[in-house]
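Topology and contacts: notes
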Amino acid sequence: MSGPGHLDLAQVRARLAEGSGRRFWRSLDELAGSEAFEELLHREFPRHAAELPDGVDRRRFLQLAAGSLAFGGLTACTRQPREKIVPYVEQPEQIVPGEPLFYATAMTQGGYAVPLLAESLMGRPTKVEGNPDHPDGTRGSDRFAQASLLQMYDPDRSRVVRELRRIRTYSAFLADTRSALRALETLGDVRLRVLTGTVTSPLLAATLGRLLERYPAARWHRWEPVCRDAVVRGATAAFARPVDPVYDLAAATTVLSLDSDFLTSGPRALAHAADFMRLRRPRAEGSMNRLYAAESAPTSTGTVADHRLPLPPALVGKLTAAVAAALGVPGVTTPPELAQGHLAEWVAAVAADLKRDGRRGLVIAGDPAPPEVHVLAHAMNAALGAVGTTVRYVEPVEADPVPHLDSLRELTTAMAAGEVDVLLVVGGNPVYDAPADLGFAEAMLKVGRRVRLGLYDDETSELCQWHLPMAHYLESWGDARTPEGTVTLTQPLIEPLHGGKTAAEVVAALIDDEPRPADELLRAHWEGRGGFDGPFDKFWRRCLHDGFVPGTASPETAPVLDPAAAGAAAAGRAARGGGGGDAELVFRPDPTVWDGRYGNNGWLQECPKPLTLLTWDNAALMGPAMAARLGIENEQVVLLQAGGRQLEAPAWVLPGHPDGAVTLHLGYGRWRAGRVGSGTGVNAFRLRSADGLWSAGAVTVVPTPRRAELASTQLHNNIPLESEEAEKRHLVRTASLERFRETPDFAQQMGHGEGPSLFPDWEYPGYAWGLSIDLGACTGCNACVLACQAENNVPVVGKQQVRSGREMQWIRIDRYFEGDLEEPTVHHQPVMCMHCERAPCEIVCPVAATVHSHEGLNDMVYNRCVGTRYCSNNCPYKVRRFNFLKYTDHEEPLLKMMRNPEVTVRTRGVMEKCTYCVQRINRSRIIAEREGREIEDGEIVTACQQACPTSAIVFGDINDPESAVSREKASPRNYGILEELNTKPRTTYLAKVTNPHPALAGSDAHHGEGSHA
């Protein structure tokens, strides 16, 4: 993509102002209508997409292929070696070939439990889904849960116990370490330190407690790079003790988000998303919630907001104080710079809505927000009377909560002073992700005995004498708490592939004379707790079946707010300021690889990030105004200087990014992450300091003459609109709630509808499958993309292939901007095969590889496909994917185990696409026929639908007028894209409706009221 340095941004702004530019646009190039973009758009495929990597053209490829076939004939009479097969005589109990079993389990993300159901086919896990019966209210799952399957089968996972690069055994480790501990004990105190991440597991916390009792001089430290220190410090400052806020978005009619991505990030994001969307569905009568978002880095939550305000970090704190002052919080005054102007209008609108809604209002401060902002958020919720309605407080879920940065600093100081004899690092990767100014790696090398338990032999393991393979959660017995406190159980679906151990097993083995397996430890812990009715075996079987221990939610508490806390917080935040420099440097966890723990996960690396659509890299994000001032283009390498340290990173210009801020995502630049993750991106932790975990204050940005190659999908699969009249055929459609009430069918008015056709309609006497997507409920979280990839064996192609436009995901989420460059609205639109009733792909296939089923599906017969790609050329939606190369690894045994046996594994030269999960349709059909009944509505759930946490996707039989999908398609908001082509798509959309404040509707472009192009 050409960068903004090649574009006249002033001309682009003028076109927007006069209404001559596109209303919805995916990139600056598209908005400007640059020659490069137009040339790319009118190619059927991006440049080089039809060429082999070594430059061999198509004609030469066919010549070589013909020669290969000729030589292949010479071996046609060769006798293959005889192989013996053994019949499956004694079938294991409960295993029926082809029928999956589901087990309740849980993974941990940042230490908190994510309730899941894991699918097992023939004794191996092949898919994970959310647990709908869990009491914490979650729906669906997220991208990390879906991709965790690939992490378990990752060939680069640690496979052996290692001591100083030599392969050893677990028993040898225990003998050596116990001997060392006994020797130290005879000399005096055992100066043992244990470093973990966030621990909410009752079993692990109790086991660590036993370890500390056994060795009184031992200490337990914690470090989570995406830590919640601000939550702990803010609550302690506000209430004089730590408590956890739990938000009820289903009861909140006005929400103010302060640097919070509460819909797609954080421990309770799944529940938040489900609850928030319950009041987001527009109705002709009744209320609809309203969301304000002030943020210093673009988030998916901000794209859903009715009013989003991009601000540098210093101004977010001042805006918080201004809203608190407007709500009458004692001791807080409005900062002078927010007393008038657009920000003052924004503050007044927010405060008016919050006051009106009172106890149904809610203020949420995000984990990256400083403690002072959290204190002010607590004070505002108290002033609104929201405590007990939209927010409640519970006792801390984390075991013995302490600020993680203080704990890590204490450990580093002790190690540097030679006060640590033995260090046990459980999970985590502090050598890579500790703040740069602490010197953790150097201090750790002064410890005489260093032990690491981890999934990978990574950067931290490299500096430890002993490395132990850790068990993946799908191989583990254990427990952990959800953010509201319910203990959720982890149970394995498979024996540890590489002999991995859980944290509780390793810690207990250092205490007990004989090591005990994890299931025995878990059962003994809960049996010893008591408090259950009837026999423990019956109670325990019920817990394992349901996936959680009932009655274990954290008790609610009523903390007393310190009346002076808000004033002190406002004064402290005002004193911080911005810090000078070109901008403020903002750190955020990456949307796909998080803090680097998923760096070797190809599914996540290749998943386009929701806003930049970048894959395989991070970049220094900045707004168009700042890029224009500094003369910076996309992909230009810039030198970032902050806190006496510097880092080179490629720049990426993102409309809507706060001016005066630069965002750098964590998780990249690793040097020992495995074959997939090593060497990708730049290491943001090199600039992260203990005093600026989320904002480094002043940063100087120095452009360099060098360029980097980034892989973004934002220019891929653009659908050309050939004329000014065609431009009005909006692919994404949106309006305000007021307009929706005045004109419920506005979505149909924004299109041209169907025209006459020479083709006859199909008749569907039985089922007719269709799908509906609510654009107003889509957050762009990518859970559906990863779920489809896991369910349908979709391969990873790599960075260079993505740059050539060859990504293979069957679902893409198109991201559209609307409005000006500085504060545009963002819309997300998932696009998969439309399953057209008059499918343009079917009439051009010379071998009938793409055919129409009697239930309305556009089927692909893979073994017929000869790779002409005529179907893709003729598809107006650009949803077909072609295997140019051999993307699927057919050799690695672990990857073979991972794949869904119900879906064909495609190879080179085959076209593939979304099938509406036809394997799930057929499974339900077989069950219904066996039971002598019709398929019930809701019985078939596609992978994308099942993963969606907001229930934006609905699938079913459109021949049934009472089905959920029929009701969605009967909505006045329903429309199909490019309907005027008479394709009659089975996948349709519900237009997005927003709820802007009347006083801000004229100044913000956040409500779909812009003029047509």
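Scroll up to find the structure.
Now for a description of the structure that goes with this document. (Residues numbered from 1 in each chain as written. Predicted model: local features only at pLDDT ≥ 70, side-chain atom pairs only at ≥ 80, totals over all residues. Heavy atoms only, no water.)

1. Some details on the overall build of the protein
Using the following cut-off: Strands here are runs of E lasting at least two residues and helices are runs of H or I lasting at least four, both read from the DSSP assignment and numbered beginning at the N terminus. Each residue's exposure class comes from its accessible area (1.4 Å probe, protein chains only) as a fraction of the maximum for that residue type: buried when under 20%, exposed when over 50%, partly exposed otherwise. Only heavy atoms matter for contacts: two residues are in contact if any of them lie within 4.5 Å across the pair. For the accessible areas, the method is Shrake-Rupley and the probe is 1.4 Å, while residue cover comes only from the protein chains on display.
What the protein contains, in helices and strands, is 33 helices and 40 strands. Within the protein, the proportion of its 1013 residues that are buried is 62%. A separation threshold of at least 6 residues defines the contact pool for the protein, and within that pool the share at least 24 residues apart is 75%. Carbon and sulfur atoms form 52% of the exposed surface of the protein, whose accessible area is close to 38,500 Å².

2. Remarks on the sheet that holds strand S24 (residues 636-642)
Basically, it comes down to this: Think of it this way: DSSP has to see at least two bridges between two strands before they count as a pair. Helix axes are fitted only over the stretch in contact, all axes being lines through C-alpha atoms; the angle between N-to-C directions runs from 0 to 180 degrees.
Strands sit in the order S21-S26-S23-S25-S24-S27 around a closed barrel of six strands; the barrel is mixed. Each strand axis lies, on average, 45° off the axis of its neighbour in the sheet, ignoring direction. Note: strand S23 (residues 620-622) against strand S25 (residues 645-653), three bridges, orientation parallel. Across the sheet, residue Met-622 finds its bridge partner in S25, namely Val-653.

3. Points about the sheet that holds strand S39 (residues 987-990)
With mixed pairing, the four strands of this open sheet are ordered in space as S37-S30-S39-S38. Looking at strand neighbours, the two that pair on one side only are strand S37 (953-957) and strand S38 (974-975), the edges of this open sheet. As paired strands, S38 and S39 are joined by two bridges and run antiparallel to one another. From the neighbouring strand, Asn-974 faces S39, where its bridge partner is Leu-990.

4. Quick notes on the packing of aromatic side chains
Under the convention used in this document: We call Phe, Tyr and Trp rings a pair once their centres come within 6.5 Å, taking the six-membered ring for Trp, and we label the pair stacked below 30 degrees between planes, edge-to-face above 60, and tilted otherwise.
The full count for this structure, using the stated rule, is 17 aromatic pairs. When the ring of Phe-173 is compared with that of Trp-466, the centres are 5.4 Å apart and the planes differ by 65°; the resulting orientation is edge-to-face. Placement of the pair is Phe-173 in helix H6 (residues 170-187) and Trp-466 in strand S17 (residues 466-469), with a sequence separation of 293 residues. Since its relative accessible area comes to 1%, Trp-466 is described here as buried. Relative to Phe-955, the ring of Tyr-916 has its centre 5.3 Å away and its plane inclined at 70°; by these criteria the two rings are edge-to-face. Linking Tyr-916 in the loop between strand S36 (911-912) and helix H31 (918-930) with Phe-955 in strand S37, this pair joins segments that are 39 residues apart in sequence. According to the relative accessible area criterion, Tyr-916 is buried, its value standing at 2%. Taken together, the aromatic side chains of Tyr-767, Trp-769, Tyr-916 and Phe-955 make up a single cluster linked through ring pairs.

5. Topic: the nonpolar core
So the rule is basically this: What is meant by a nonpolar core is a set of buried Ala, Val, Leu, Ile, Met, Phe, Trp, Tyr and Cys residues, joined one to another through side-chain atoms within 4.5 Å.
Formed by 141 residues in total, the largest nonpolar core has its most connected members in Met-415, Phe-440, Leu-640, Leu-664 and Trp-769. For this core, the element with the most residues is helix H5 (residues 143-152), which contributes six residues. Not counting the four nearest positions on each side in its chain, Leu-664 is found in contact with Leu-585, Val-586, Phe-587, Arg-588, Ala-619, Ala-620, Leu-640, Leu-647, Ala-649, Val-682, Ala-684 and Leu-687. Ranked by size, the runner-up nonpolar core spans 64 residues in total, among them Phe-276, Leu-291, Ala-305 and Ala-322.

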